[in-house]
Amino acid sequence: MFSRIPFEKVNWLISSFLIGTLFLSLTAVPAYIWFFGIDWFQIGLFFAMFFAIGFSVTLGYHRLFSHLAFQAHWTVRLLTLILGAAAFENSVLLWACEHRNHHKHVDHADDPYCIAEGLFHAHIGWLLFKLDPLPPFDNVADLQKDPLVMWQHRHIHWIAALVAFVFPTIFGFAWGGWSSALGAFLIAGVARIVILQHCTFCINSLCHYVGDRPYSSKCSARDWWLMAIVTLGEGYHNYHHEFQHDYRNGVKPWQIDPTKWLIWTLSKLGLARKLRRVPAEKIILTELAEAQRQLEAYLAHAGLTEAASGCLAATHLRLQAIAQQWTLRQSQKLEVTSEMLATLRSEVRMVTRTLRRLGVCDLQAA
Ligand SMILES: [Zn+2]
Ligand SMILES: [Zn+2]
């Protein structure tokens, strides 16, 4: 098995950190809990750091700095830069550069975590075997003008170590002496890093592998509510790839997107502004076009029963008529009421349900 690993391509620094922290989480953390037990302080510190640092990545690294989905007060930017560093996912400058490349080249060779190279590569392999960790930074000129971003980039390793390891250790010592300090280092420090990193990695792997594609089957990104819980709202990845500048990933009222809720709350407190939203009409028409594409692809398939084929053909005709009506409405710039949007929404939902019942909702459009 080991003879098949391309050792000459291994990035030993990144690999040692990722494997070392995972090893400590699986050995030293259970050993600590066995010998010293675990109290509410340790659990509370773990979750406080998990959410503070997790939101700094999703709200700060991803939606604010990589996609410019909203503007934030300098205190929010500074806080997400300091706390986000403790995720040990490198600086915002590097993260955003790779992430913008991911969106631009998704599923192709220049996508740094391309799912076409396999689930393992997209999850963690791209980091273990990343020999050239510094890209040319040619797509982050806007961030290079930001003195806070550049300050974080220059001191990323010191900030990361201080926030991720030194802070919980000192806090733990103040709470309950050396044993508590060791527990905080291992649980809120090491184990928290491993869990949070794998939550982020899931966006690059499982969010391109399992789930629905209601907005576009042209790329591998998928929507899955379970991933949205694991990733603080980033699991509606099909929507995100279609509309990457929207500050929302879970755009439907019932979808779980805590990062969106936090950005909205910050805007109400005057700490965020210019939240970018794709108009509701454009979103529903995108879903309509995708439903049509999936229907057409399925109708072109051989082996349909007569009943299924008739049902799909009738649905396709109805959708075509609706699409034509909307094209006409748009060309004549007619007013669109919320009732009209609600009717369109329910039509699209009905088609999605029909496709799902027939087991074809994730059919690859040719
Ligand atoms: Zn993606
Ligand atoms: Zn993104």
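Residues numbered from 1 in each chain as written. Chains lettered and ligands numbered in written order. Predicted model: local features only at pLDDT ≥ 70, side-chain atom pairs only at ≥ 80, totals over all residues.

### Focus on the overall build of the chain
Helix and strand counts for the chain stand at 14 helices and two strands. Taking the principal axes of its C-alpha atoms as reference, the chain extends roughly 70 × 55 × 45 Å. The buried share among the 366 residues of the chain stands at 38%. Sequence-distant contacts, at least 24 apart, represent 69% of the contacts inside the chain between residues at least 6 apart. (Helix = DSSP H or I, 4+ residues; strand = E, 2+ residues; numbered from the N terminus. Buried ≥ 20, exposed ≤ 12 C-beta atoms within 10 Å, placed from the backbone. Contact = placed C-beta atoms within 7 Å.)

### A word on the domain arrangement of the chain
Domain annotation of the chain identifies domain 1 (2-273) and domain 2 (280-357). Put simply, the middle of domain 1 and the middle of domain 2, counted by C-alpha atoms, are 37 Å apart. Each side of the interface is counted separately: domain 1 has six residues, and domain 2 has seven residues. (Domains from an automatic or database assignment.)

### Thoughts on the nonpolar core
Grouped together as the largest cluster of nonpolar side chains are 69 residues, with contacts concentrated most on A86, V92 and A96. Those elements giving two or more residues to this core turn out to be α1 (12-36), α2 (40-66), α3 (74-85), α4 (92-104), α5 (119-128), α8 (156-204) and α9 (225-230). It is α8 that provides the largest number of residues to this core, a total of 17 residues. Each residue touching A96, except ones within four places of it in the same chain, is listed here: F65, S66, V140 and L143. Counting residues in hydrophobic clusters, the runner-up holds nine residues, among them A291, L295, L312 and L344. (Core = buried A, V, L, I, M, F, W, Y, C linked by C-beta atoms within 7 Å.)

### Observations regarding α3
The terminal C-alpha atoms of α3, which comprises twelve residues, lie 16 Å apart, in line with the 16 Å expected from a rise of 1.5 Å per residue. Of the residues making up α3, those classed as buried are V76, R77, T80, L81, I82, L83, G84 and A85. (Expected span 1.5 Å × (residues − 1).)

### Points about the packing of α2 against α3
α3 packs onto α2 with a crossing angle of 120° between their chain directions and a minimal axis gap of 8 Å. Here α2 is positioned oblique relative to α3, judged by the angle of their axes. In terms of crossing hand, the pair formed by α2 and α3 is left-handed. Here A52, I53, S56, V57, L59, G60, Y61 and L64 of α2 come into contact with α3, specifically with T80, L81, L83 and G84. (Axes fitted to C-alpha atoms, helices over the stretch in contact; angles between N-to-C directions. Parallel < 35°, antiparallel > 145°, perpendicular 65-115°, else oblique. Left-handed = near helix turned anticlockwise from the far one by under 90°.)

### Brief notes about the packing of α3 against helix α7 (residues 147-154)
Close contact between α3 and α7 brings their axes to 10 Å; oriented N to C, the two are set at 15°. As judged from the angle between their axes, α3 and α7 are roughly parallel. Two packed elements cross with a definite hand, and for α3 against α7 that hand is right-handed. For the pair formed by α3 and α7, the contact residues are W74, R77, L78, L81 and A85 on the first element and L148, V149 and Q152 on the second. Residues belonging to the contact of α3 with α7 are distributed by class as follows: six nonpolar, one polar and one charged. (Nonpolar A, V, L, I, M, F, W, Y, C, P; charged D, E, K, R; others polar.)

### Some thoughts on unusual backbone geometry
In this structure, F88 takes a positive phi of about 55° despite not being glycine. Relative to the helices and strands, F88 resides in the loop between α3 and α4. Accessibility expressed as a C-beta count within 10 Å gives 21 for F88, which makes it buried. Positive phi is not limited to glycine here, since L232 has a value of about 55°. Inspection of the secondary structure assignment puts L232 in the loop between α9 and α10 (237-242).

### Structural notes on helix α12 (residues 280-299)
Taking 1.5 Å of rise per residue, the 20 residues of α12 would be expected to cover 28 Å, and the 29 Å separating its terminal C-alpha atoms lies within 8% of that figure. When we look at burial in α12, the residues that qualify are I283, E287, E290, A291, Q294, L295 and Y298. Considered in projection along α12, the buried side chains sweep an arc of 140° and stay on one side of the axis. (Arc of directions from axis to C-beta.)

### Comments concerning the environment of H237
With respect to the helices and strands, H237 occurs in helix α10. For the pair H237 and R213, spaced 24 residues apart in the sequence, the C-alpha separation amounts to 8.9 Å. Excluding residues within four positions of it along the chain, H237 makes contact with I203, C207, A221, R222 and D223.

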